[in-house]
Each structure stands twice: as C-alpha cells, then as structure tokens.
Amino acid sequence: VLEKDVNLQVALKLAEELRRHDFEVVLTRDQDVHLSLAERAEIANAAGGDLFISLHCNGWFNEGARGVETYFLSPAKSDWSKSVEAVENSGHDEPDDVEFIVWDLVQNSFISASSDLAEVVQSEVTQDLRQADRGVRQAGFRVLVGAWMPAVLVEMGFLTHPEEARQLSRDSYQRQLARAIADALEVYRDRVALHAAMEQE
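Now for a description of the structure that goes with this document. Because the structure is predicted, anything quoted here is derived from the model rather than measured. (Residues numbered from 1 in each chain as written. Predicted model: local features only at pLDDT ≥ 70, side-chain atom pairs only at ≥ 80, totals over all residues. Heavy atoms only, no water.)

Details of the overall build of the protein chain
Thought 1: Helices and strands together make up the secondary structure of the protein chain, namely seven helices and four strands.
Thought 2: Each of the 201 residues in the protein chain was classed as buried or not, and the buried ones make up 46%.
Thought 3: Total accessible area computed for the protein chain in this model is approximately 10,400 Å², and 49% of it derives from carbon and sulfur atoms. (Helix = DSSP H or I, 4+ residues; strand = E, 2+ residues; numbered from the N terminus. Buried < 20%, exposed > 50% of the residue type's maximum accessible area, 1.4 Å probe, protein only. Areas by Shrake-Rupley, 256 points an atom, 1.4 Å probe, with all protein chains shown as cover.)

Here it is as structure tokens:
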C-alpha cells in the first residue's frame, strides 16, 4: 500500500463529498504526478483558497503505532512531532531558518483558525471512524509553509499498522474517511458563519 495512492484516492473522494455540499474545491493533483511541497501551497494561494487541507498517511518502526493525528503549522513541541515533521519534509526543499520564520509569521495570523480547524477535523474523524485519537499537534511541515489561509495536515492512519493499512487501502474506508473530513469542514464552516454573524450584531 503506497501513501501517494491512498492520499490521492481519499482526496478525490473528499472533493466529491465537498462539492455535494456546495464547497468549491481545488485539488493540487488529480492524478499520480509529483508536486513539490512548496508548489502545493502556491496552487492554494493562486486559487484564493479559504482553507488548505493536506492528506497524509503515517508510519513508524513499531507496527503497533496507530490512529489519527491532525497538525497545524507551528514549531514542533514534542519529539514525536519532530520525527513526523522530519519524515514529511524529507526529500523536499526545506525552508531555511529565515524563510521559515517569515512564513511562520504569515501563518501566525491564521494560527488560531488553523488550530480550531485541526480540532474539528480531529474530533470528527476519530469519532466517526472510531479510530485511536492521537490528538492535535503542531509541527513545521513544509507543505503548510506558505499557505495564506488556515491550513492543516491530516495523518489519516499508519500504513505500518497491518489493520490500518488494510483499512486505508479499501475503497469503502476511503469513502468513510472522505465523508468524515467533509463533515468536519461543514462543522467548521458553520462555526465561522455563526461567528461572523455574531460579530455583525
């Protein structure tokens, strides 16, 4: 089971779900092509996106590791978050310290919204799918650096866990995942709309 295949299939199914609920969706890729991490944020910015969601699968040396994690951009606070950050950023151009600081400042204006979005996604996905809840975390993911909008990265499960790998490879489970993430984005959209309405009163 390859991460790139699972990520793409869930993304395609998520796009279908969101379009049914009147979301405008822009995919960074709709086929098996390689894009740099920086290019993905550039596509989101060029499209004038309101939210940026990056889908991934986790892995670890211990095949017992399992569950869902959702990240937003901020310096990693735990050894685990640092290790996941290193894996996700490996093989790609990493921002140097100055570039990261600049983009971290940009994301700081969205940090509260990104954190709120991460909490909603984490809650909906783990409850809907009854998966182990590994919590909301923060890390300096290259793919989130540069997004001019609230942005989160979802680790949908562990490909190194035999049962989760089987689940993630199944079309039916991918559809469940897509529905759960879509439900989360609907909840988040409703919260933002309610907050905006209250501010106008």
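Re the side chain of Arg29
Thought 1: With respect to the element layout, Arg29 can be found in the loop between α1 (3–20) and α2 (37–46).
Thought 2: For the buried Arg29, which has no salt bridge, the nearest side chain bearing the opposite charge is Asp32, at an N-O separation of 4.0 Å.
Thought 3: A distance of 2.9 Å separates a polar side-chain atom of Arg29 from the backbone oxygen of Lys4. (Lys, Arg positive; Asp, Glu negative; His and termini not counted. Salt bridge = Lys/Arg side-chain N within 4 Å of Asp/Glu carboxyl O. Polar contact = N/O pair within 3.5 Å; in protein donor to acceptor, adjacent residues only side chain to side chain.)

Some words on helix α5 (residues 111–129)
Every α-helix carries 3.6 residues per turn, so stepping three or four residues along brings you back to the same face.
Thought 1: With 19 residues, α5 ought to run about 27 Å at 1.5 Å a step, and its terminal C-alpha atoms sit 27 Å apart, in line with that.
Thought 2: Within α5, burial applies to Ser114, Ser115, Leu117, Ala118, Val120, Val121, Gln122, Glu124, Val125, Thr126 and Leu129. (Expected span 1.5 Å × (residues − 1).)

Re the packing of aromatic side chains
Thought 1: With the rule as written, the count across this model stands at four aromatic pairs.
Thought 2: Between the aromatic rings of Trp60 and Trp80, the centroid separation amounts to 4.6 Å while the plane-to-plane angle is 70°, which identifies the pairing as edge-to-face. Remark: Trp80 occurs in helix α3 (residues 79–89) and Trp60 occurs in the loop between β1 (52–58) and β2 (68–73); sequence separation between them is 20 residues.
Thought 3: Connected via pairs of aromatic rings, a cluster forms that spans Trp60, Phe61, Trp80 and Phe158.
Thought 4: Directly above the ring of Trp80 sits Arg134, whose terminal nitrogen or CZ lies 4.8 Å from the centroid.
Thought 5: Over the face of the ring belonging to Phe23 we find Arg189, whose NZ or CZ atom lies 3.9 Å from the ring centre. (Phe/Tyr/Trp six-rings, centres within 6.5 Å; stacked < 30°, edge-to-face > 60°. Lys NZ or Arg CZ within 6 Å of the ring centre and 35° of its normal.)

Keep in mind these numbers describe shape, not what the thing actually does.
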